Amino acid sequence: MSTAAAPVRPLRPGTVLADLVPASRARDIALVVGGAALTGIAAQIAVPVPGSPVPVSGQTFAALLVGTALGARRGFLSLALYALVGMAGVPWFAQASSGWAMPSFGYILGMLLAATVVGALARRGADRSVLRTAGTMALGSLIIYAVGVPYLALATGMSLPQAVAAGLTPFLIGDALKAALAMGVLPTAWKLVGRKG
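Everything in this summary refers to the structure shown in the same document. (Residues numbered from 1 in each chain as written. Predicted model: local features only at pLDDT ≥ 70, side-chain atom pairs only at ≥ 80, totals over all residues. Heavy atoms only, no water.)

### Comments concerning the nonpolar core
At step 1: Ranked by size, the top nonpolar core spans 43 residues in total, and within it L79, Y82, F93, Y107, I108 and M111 carry the most contacts.
At step 2: Elements that contribute at least two residues to this core include exactly helix 1 (25-43), helix 2 (59-70), helix 3 (72-87), helix 4 (105-122), helix 5 (130-156) and helix 7 (172-192).
At step 3: At nine residues, the largest contribution of residues to this core is made by helix 4.
At step 4: With residues near it in sequence (within four places) discarded, Y82 still touches A36, T39, G40, A43, Q59, W92, F93, A94 and I108. (Core = buried A, V, L, I, M, F, W, Y, C linked by side-chain atoms within 4.5 Å. Buried < 20%, exposed > 50% of the residue type's maximum accessible area, 1.4 Å probe, protein only. Helix = DSSP H or I, 4+ residues; strand = E, 2+ residues; numbered from the N terminus. Contact = heavy atoms within 4.5 Å.)

In structure tokens, the structure reads:
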């Protein structure tokens with residue numbers, strides 16, 4: 001008696017990577033908490049930037065990855081949990097910081113919005129190919145800067161050009177590297193589950 005492999009069922013339109021885990025309330029809670037924890041851990045990979053109160057860290061990459069993998073709703077909840085717990089005093093923002101009275105807090109707010117947007121785009125297949133993933137990560141980074149840089153200017157009294165020089169320009173190369181990593185990880189994950197972009 002021969003046994004044939006079970007056919008691979010096509011995924012519903014609008015599926016994100018997290019939807020591949022069997023659905024339950026416990027799954028959603030675990031994914032939201034896990035995404036917040038991943039962002040907090042990645043934030044500890046931080047390098048100070050001379051002349052800037054904003055370090056280079058892994059939290060932006062983690063936030064975009066969480067949003068893309070979890071989808072808009074769970075991505076938003078995960079980054080909201082990350083922000084609220086950090087504001088409450090858990091030192092899991094970059095460089096083991098916490099609270100909201102810091103010049104870089106605008107980037108955390110930007111990550112919350114960016115995770116939501118890239119999660120919505122992922123539901124439309126924006127993480128299935130290298131080029132679409134690149135565009136998604138670039139848009140997510142732009143959203144983070146669109147909130148973080150003006151917040152930095154207001155919090156420090158810098159002019160907008162000074163805030164751009166301190167809070168955007170030094171991070172562009174690192175963002176390109178993070179986008180390249182995402183361009184490899186996300187489409188590869190879909191190929192492994194039989195979904196090509």
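### Digging into the packing of helix 1 against helix 3
At step 1: Put simply, helix 1 and helix 3 touch, their axes get as near as 8 Å, and they point 50° apart. Classified by the angle between their axes, helix 1 and helix 3 sit oblique to one another. Crossing handedness for the pair helix 1 and helix 3: right-handed. In contact with R27, D28, L31, V32, V33, G35, A36, T39, G40 and A43 of helix 1, helix 3 contributes R73, R74, L77, S78, L79, L81 and Y82.
At step 2: Looking at the contact of helix 1 with helix 3 residue by residue, the classes come out as nine nonpolar, four polar and four charged. (Axes fitted to C-alpha atoms, helices over the stretch in contact; angles between N-to-C directions. Parallel < 35°, antiparallel > 145°, perpendicular 65-115°, else oblique. Left-handed = near helix turned anticlockwise from the far one by under 90°. Nonpolar A, V, L, I, M, F, W, Y, C, P; charged D, E, K, R; others polar.)

### Description of the packing of aromatic side chains
At step 1: Counted by the stated rule, this structure contains five aromatic pairs.
At step 2: Between F93 and F105, the aromatic rings sit 6.2 Å apart at their centres with planes inclined by 55°, giving tilted as the arrangement. Taken together, the residues span a long stretch of sequence, with F93 in the loop between helix 3 and helix 4 and F105 in helix 4 at a distance of 12 residues. The exposure classification of F93 matches that of F105, with both residues buried.
At step 3: Judged by centre distance (6.3 Å) and plane angle (90°), the rings of Y107 and Y145 are edge-to-face. Here Y145 lies in helix 5 and Y107 lies in helix 4, a separation of 38 residues in the sequence. As far as burial versus exposure is concerned, Y107 and Y145 are alike and both buried.
At step 4: Three or more aromatic residues joined by ring pairs form one cluster here, namely Y82, W92, F93, F105 and Y151. (Phe/Tyr/Trp six-rings, centres within 6.5 Å; stacked < 30°, edge-to-face > 60°.)

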